[in-house]
Amino acid sequence: MEVSMSLAQYLKQRSKEICADNECTEDEHNCGSYAYIAKGGDLLGICIPDYFQGSGEPYAAIPLPWSGTQAELDDEVAEQTWDE
């Protein structure tokens, strides 16, 4: 991932690639992938839930495709990890 690219921008780019690979349409997404993000904001992995091996630290599971801003992503991660 480029240093100048935010995680939200990276997820938007990867979402497009994943959706293209899975022949998703605007109305129907077949990819079923999630971005797993640690409470501190580090990307742990992008995959379908069956392939994620978990983490020893609190994490959020963000469904793809992602189209929000970095602030929205930060809020979602904070919301999913708030009590941990």
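Refer to the structure presented above.
I will try to describe carefully the structure that is included in this document. Everything quoted here is computed from the prediction, not taken from an experiment.

Further remarks concern the pattern of salt bridges. If you walk through the whole model with that rule in mind, you get 1 salt bridge. Salt-bridge contacts for Glu17 lead to Arg14; the nearest nitrogen and oxygen are separated by 2.6 Å. Of the two residues, Glu17 and Arg14 both sit in helix α1 (residues 7-21), 3 residues apart, roughly one turn of that helix. Overall, Glu17 belongs to the partly exposed group, its relative accessible area being 32%.

Formed by 17 residues in total, the largest nonpolar core has its most connected members in Leu11, Ile37, Ile62, Trp66 and Leu73. Counting only elements with at least two residues in this core, the list comes to α1, β1 (34-38), β3 (59-63) and α2 (70-81). Considering every element that reaches this core, the biggest residue donor is α1, with 6 residues. Apart from residues lying up to four places away in sequence, Trp66 is in contact with Ala8, Leu11, Lys12, Ser15, Glu72 and Leu73.

The rules behind the values
Residues numbered from 1 in each chain as written. Predicted model: local features only at pLDDT ≥ 70, side-chain atom pairs only at ≥ 80, totals over all residues. Heavy atoms only, no water. Salt bridge = Lys/Arg side-chain N within 4 Å of Asp/Glu carboxyl O. Helix = DSSP H or I, 4+ residues; strand = E, 2+ residues; numbered from the N terminus. Buried < 20%, exposed > 50% of the residue type's maximum accessible area, 1.4 Å probe, protein only. Core = buried A, V, L, I, M, F, W, Y, C linked by side-chain atoms within 4.5 Å. Contact = heavy atoms within 4.5 Å.

Functional significance is not addressed by these values, which are geometric in nature.
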